[in-house]
Structure formats: C-alpha cells, structure tokens
Amino acid sequence: MATDSASTVGKLALNLNRLLPGLYAVLGVLATGAVLWSLAPDTGSRGETLARLVEWAPALAHGFAMNVLISIGAIFIGTLIGLLAGALAMSKSFVGKLARVWIVAFRNAPWLVLIYFTTYVFPFEIHVFGAIVPFPDWLKVMLGLALPASANIAEVFRGAVSSIPSAQWEAAASLAFSRSQILLKIVVPQCIRRMLPPWMNVYAIITMGTALSSLVGIHDLLDTAQIASSTVARSSFTVLTYVATLVIFFAYCYPISWLTRTFEKRLRTV
Amino acid sequence: METLLHGFITATARIGLDYRFLLDDYERVPFVQGLGVSIEIIVSTMTASAIAGLVLLLALRGRNRLIAGLARCFIEVTRNTPTLVQLYCAFLVLNMLITQWLHARGIDNPFKPFFWVVLVLSLHKAAFHAEALRAGFDALPSQTLEGAASLGFSRATRFWRIELPLALRAALPALANNMVELVKASAVASAIAVGDVTYQSIMIWTQRDNVLALMLLILAFFGVLTWLVTLAGRWLERRYRIPGYGY
C-alpha cells in the first residue's frame, strides 16, 4: 500500500514535470511582451498603460467568458451530432452514406468559412408557431463550430469503435445480440474511456476556433482586445492587450492538452 | 465560353443562387485574382512550413539543451493558442512596432500583410510538422540505429541518410494531414485584408448579398484543394512506403 501511494505520488510529480515547458513558455511570452512594451515608441508613462490594462481586465474577462460559452455549446451540440453521425456512418445504408458525406464535407471545410456561412445565411430571428424567436449571432457561431466539431467527433468515435477487437462483435452476435444492441451495450461502454483524450483534444481545438468569432462581430476576448487597443490608442498598451490575449488562451488550452496527454499515457499503460 | 457562363448563371438563378457577379469585370477579376492569391499563400506556406519544421526538429533533437528547451516552449505556445491571435500578435503588434520604428527614421515598412500571413501560418504549421516528425523518430526501430552506429557512420550522416528518410516516411500521414489543415487555415488571411479568395468574396457579398452562392463556390474551391493535397499525400505514401511495413 505504502509503495503504491509512493508510486502514485511519483507519477504525479513526473506529470507535473511535464507541465514545466508550458510554464516556461508563458514566462517567455511575458518576457517578450515586457521587452516590446518597454521598447514601444510611446510618449506617455509605461506605468499608466499597465493601469489601463487593469482597468480593461473585467471587459477582457467578460469577452473570454463568451469564448468559453461558445466552446462549451459547440462541443455539446457537436458531440450529440457527431456520435449520431459516427454511429450512422458505420451502416452500409443510404443514411450511412449521407453521414459519411457529412463527415468528409465538414472535416475539409475551413472553419472561418463555416462561421461566415452560419452567421450570414441563417436568419436573425425564427418564426415558431407565430412567436418570433431571436437567433443571436453567438448561437450561430456556436452552430458553425459545432459542424466541424461533429465531423471530428464522428471520426473519434469511429476510431474508438475500430479499436475494439472484432471478435467481440462475432461473440456477441453468436449470443443473439442484435447489431444495435452490440454497439450500444457492449462496444460503446468500452469506447468511452478511449474516446476521452481525443475528445478533449477536439474541445481544445474548438476553444481556439472561437477566436474566429471576433471576425463576425461577436464581443469575444479578441474583439474586446481590439476595441481596447483602438480606444486607448497607445502602442505599449496594444502590446499588453495582445500578449494578455495570447496568455489567456494558452492558460486555458494548455492544461487541457496536458490532461489529454496524461490520460493517453494512463490508457497506454493499462 | 460566354454562352456557357450565361447558361450557368440562368441555371443557378433558377435554384435561387446569384452568380451574376461573374459577368461584372470589376468583381470577377478580383475574385479570380483572389483564387490565385489563396493558392500563392498555400504554396508558399507549405514550402516555408516544411523548412521551418525541419529547423525546429533539428533544434529539438540537437545537443544544446537550451535551444531544445526554447524550441519546446515555442511548440507549446503555438499548439495551444489560436492562429488568429498569433496572426494579430504578429501583424497588429510586431508589424505596428516595426512600422513606427522605421517611420521615425523615415523608412517605409517593407513587410506586407501577405508576408505576415505566410510567416505566422508557416511557423504555426512548423510546430505541428516538428511534432509529427518527432513521433516518426520515436518510431524508428532501434536495431536500425544500432546497426548504423556500428557501421561507423557519423552522427550527421546517420541523421541525414538513415534516420530522417525513415522518420519522414513514418510521419508522412501526419504531415499530409497537417498540409490539409494548412489549406483550411489559409482562410484566416482575410482577417488582415490580404486579397485572398475569402476576402474578395466578403467584398462581393457585402455589395450583392449573395452569401450562399459565394460560400458554395469557396467551399468547392477549398474542397478541391484539400482533395488534391490528400491525393498527393497518398501518392507519396505509396511511393515511399517502407517494404515490409503496412499493407
């Protein structure tokens, strides 16, 4: 027992060691930012631009909350559609063919184009049974990101299912399970653990994709940074806001990718 | 040609798509140029990212711990931040500072948005290339490496003549996938007003309000490009497959 817990502690320390490159990376970005901030051709005092950044911090945090909201919504919708599409794509029927076309189409389309697509093609309000329901832009961006997310998650699902030995399908079939029963009751429960790391990877990529929403006028972190830098209009402040934007995204996405690698490693050793 | 174009426009008009901009020289010419600019961005980024990826890999595998650590940090930052934020950090921050410094000395900034897009996308994809190649190196059979060392090849010869060719082959599927991602990512060029196909389309649809028609055209364009890149990747994989491995 004692050796067991010691080895767990050792493992954790080893994993924390792997966090170090990220910490150094943040320090490097901050140091570069500080150099540029102090060297920027700017007439006013440097301390003042730092104070302005603190002033703008709540607005930036609010903007980043929008990024997080969009990413969570997109991964939620994308997971639902993706699992459905992934399961359907395994069948040889016409619906299966449609699901495969869906996956290929949305895996190969540029995200930015998909976001423009959902933002400008969808109406800004929908009439449902006489009532007018507004269709806000952030929801459209969420859907625009859910499309490529669903295609990627369908692939993740397909990969996980194909990692289950096909002998299990045959054994279950010989026990008179139907195809959908085998998939839902035998294969999928084993897949969930294997799907977690690549699913988290898709989530991190989606979160990075939410930065594109600033191009269609969503007040996300990047858009807020742009507004802040053009409002204050001082070059040393511009350096600060964009470095802050970079660091905030990194601080959110790096732990996710670190966790992904940790889970992957654990799966490999089990 | 002209009748074919008219036929296409009337046929698509029937299903509600407006392609009339193709008849207007002021819109068609920039659009066609945009297609060219997109291809230019993609081709130059592919080349530059391959070179930068190899440099990053050399840094990662070099004997200098400091350089390897710096390369590692660069890869972590690049992989975990949005491309658009990186592009803004380069274009709106670095480019602005360079412009201001040069302006104070009465010189014009020689760096254009096109340069920044290619630079940022190349470095971004280089990080992914380096990771793919690193995995390729990890997959090298140790017997081959020991055999090469016992035959008295120097470290440099082993790297260029034995390790790299084998690792490249192992990394080819991942590298081809990175190139497909690169084609898709090139659309962010429109964010800093490089006249690529996405940017020109935005210009057209703000005038004509025919978003869906243009969107389908862009998606088809990128679809064809990604398909071509995938085909090229598969061809390379077949051409350079290692006998005795795979199917």
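What you are looking at is a predicted structure, and each value in this text was computed from that prediction instead of being measured. (Residues numbered from 1 in each chain as written. Chains lettered and ligands numbered in written order. Predicted model: local features only at pLDDT ≥ 70, side-chain atom pairs only at ≥ 80, totals over all residues.)

Caption draft 1: Just the overall build of chain A, in detail. In terms of helices and strands, chain A carries nine helices and two strands. Overall, chain A shows an N-to-C arrangement of helices and strands of α-α-α-α-β-β-α-α-α-α-α. The C-alpha radius of gyration of chain A comes to 23 Å, more than 25% above the 18 Å expected for a compact globule of 270 residues. Here chain A holds 270 residues, and 36% of them are scored as buried. When contacts within chain A are restricted to residue pairs at least 6 apart in sequence, long-range pairs at least 24 apart make up 79% of them. (Helix = DSSP H or I, 4+ residues; strand = E, 2+ residues; numbered from the N terminus. Rg over C-alpha atoms; globule rule 2.2 N^0.38 Å. Buried ≥ 20, exposed ≤ 12 C-beta atoms within 10 Å, placed from the backbone. Contact = placed C-beta atoms within 7 Å.)

Caption draft 2: How the structure looks around the overall build of chain B. A count of helical and extended segments in chain B gives nine helices and zero strands. In terms of overall size, chain B is more extended than a compact globule, its C-alpha atoms giving a radius of gyration of 23 Å where 247 residues would be expected to give roughly 18 Å. Overall, the C-alpha framework of chain B stretches about 70 × 60 × 25 Å when taken along its three principal axes. By sequence separation, contacts in chain B at least 24 residues apart represent 76% of the contacts at least 6 residues apart.

Caption draft 3: Representation of helix H3 (residues 65–79) of chain B within the structure. In a regular helix each residue adds 1.5 Å, so 15 residues correspond to 21 Å; H3 of chain B covers 21 Å between its end C-alpha atoms and thus fits that length. Here H3 of chain B has its buried residues at Ala71, Cys73, Phe74, Ile75, Glu76, Val77 and Thr78 of chain B. (Expected span 1.5 Å × (residues − 1).)

Caption draft 4: Layout of the packing of helix H8 (residues 197–208) of chain B against helix H9 (residues 211–239) of chain B. Residue and element names in this part refer to chain B. Where H8 contacts H9, the two axes come as close as 10 Å, and the packing angle between them is 170°. Classified by the angle between their axes, H8 and H9 sit roughly antiparallel to one another. Every residue of H9 that contacts H8 at Val197, Thr198, Ser201, Ile204 and Trp205 is listed here: Val211, Leu214, Ile218 and Phe221. Looking at the contact of H8 with H9 residue by residue, the classes come out as seven nonpolar, two polar and no charged. (Axes fitted to C-alpha atoms, helices over the stretch in contact; angles between N-to-C directions. Parallel < 35°, antiparallel > 145°, perpendicular 65-115°, else oblique. Nonpolar A, V, L, I, M, F, W, Y, C, P; charged D, E, K, R; others polar.)

Caption draft 5: Quick look at the environment of isoleucine 153 of chain A. All names here are of chain A. Following the sequence through the fold, isoleucine 153 ends up in helix H5 (residues 137–162). For the pair isoleucine 153 and arginine 179, spaced 26 residues apart in the sequence, the C-alpha separation amounts to 21 Å. With near-sequence residues (within four places) excluded, isoleucine 153 lies in contact with Gly78, Thr79, Gly82, Leu83, Gly86, Trp199 and Val202.

Caption draft 6: The arrangement of the interface of chain B and chain A in detail. Facing 32 residues of chain B, the contacting portion of chain A comprises 35 residues. Those elements giving two or more residues to the side of chain B that touches chain A turn out to be H3, helix H4 (83–104) and H9 of chain B. When residues of the side of chain B that touches chain A are assigned to their parent elements, the largest contribution, 11 residues, is made by H4 of chain B.

Caption draft 7: Representation of the confidence of the model for chain B in the model. Counting all residues, the mean pLDDT for chain B is 87, and 98% of those residues have values of 70 or more. Listed scores for the predicted complex are pTM 0.86 and ipTM 0.85. (pLDDT = per-residue confidence, 0-100.)

Caption draft 8: Inspection of unusual backbone geometry at higher detail. Within the chain, alanine 233 of chain A stands out as a residue other than glycine whose phi angle is a positive 55°. Mapped onto the elements of the fold, alanine 233 of chain A is located in the loop between helix H8 (221–232) and helix H9 (235–269). C-beta crowding within 10 Å serves as the criterion here: with 9 such atoms nearby, alanine 233 of chain A is assigned to the exposed category. The phi angle at alanine 193 of chain B is positive, at roughly 60°, despite the residue not being glycine. Relative to the elements of secondary structure, alanine 193 of chain B occurs in the loop between helix H7 (155–185) and H8.

Caption draft 9: Representation of the nonpolar core within the structure. Ranked by size, the top nonpolar core spans 126 residues in total, and within it Val113 and Leu145 of chain A carry the most contacts. Among the elements that line this core, the one with the most residues is H5 of chain A, at 14 residues. (Core = buried A, V, L, I, M, F, W, Y, C linked by C-beta atoms within 7 Å.)

Caption draft 10: The arrangement of the environment of glutamine 226 of chain A in detail. With respect to the helices and strands, glutamine 226 of chain A occurs in helix H8. Through-space distance from the C-alpha of glutamine 226 of chain A to that of threonine 238 of chain A is 8.4 Å; in sequence the pair is 12 residues apart.

Caption draft 11: Layout of H7 of chain B. The first and last C-alpha atoms of H7 of chain B sit only 37 Å apart over 31 residues, clearly below the 45 Å expected at 1.5 Å per residue. In the structure, H7 of chain B departs most strongly from a straight axis at leucine 172 of chain B, where the bend amounts to approximately 60° and where the proline proline 173 of chain B lies between one and four residues downstream. Of all the residues in H7 of chain B, the buried ones are Ala167, Ala171, Leu172, Leu175, Ala176, Asn178, Met179, Leu182, Val183, Lys184 and Ala185 of chain B. As for H7 of chain B, its buried residues are in contact with helix H4 (111–121) of chain A together with helix H2 (25–61), H4, helix H5 (113–138) and H9 of chain B. (Bend = angle between axes of the 7 residues up to and from the residue.)

Caption draft 12: Geometry of the pairing of strand E2 (residues 131–134) of chain A. Residues and elements named next belong to chain A. Two elements, strand E1 (residues 125–128) and E2, share four bridges in a ladder whose sense is antiparallel. If you follow glutamate 125 over to E2, its bridge partner there is proline 134. The loop that links E1 with its antiparallel partner E2 comprises two residues; one of these, phenylalanine 129, has a positive phi angle of about 50°. (Pairing = 2+ DSSP bridges.)

Caption draft 13: Seen up close, the packing of H7 of chain B against H9 of chain B. All names here are of chain B. The contact between H7 and H9 brings their axes to 9 Å, and the two run at 165°. When the axes of H7 and H9 are compared, the pair comes out roughly antiparallel. The handedness of the crossing between H7 and H9 comes out as right-handed. Contacts between H7 and H9 involve Leu172, Pro173, Ala176, Met179, Val180, Val183 and Lys184 on the former and, on the latter, Phe222, Leu225, Thr226, Val229, Thr230, Gly233, Leu236 and Glu237. Grouping the constituent residues of the contact of H7 with H9 by class yields 10 nonpolar, three polar and two charged. (Left-handed = near helix turned anticlockwise from the far one by under 90°.)

Caption draft 14: Focus on the environment of leucine 84 of chain B. Residues and elements named next belong to chain B. Following the sequence through the fold, leucine 84 ends up in helix H4. Its 25 C-beta neighbours within 10 Å are what place leucine 84 among the buried residues. When the C-alpha atoms of leucine 84 and isoleucine 192 are compared, they prove to be 9.7 Å apart, with 108 residues separating the residues in sequence.

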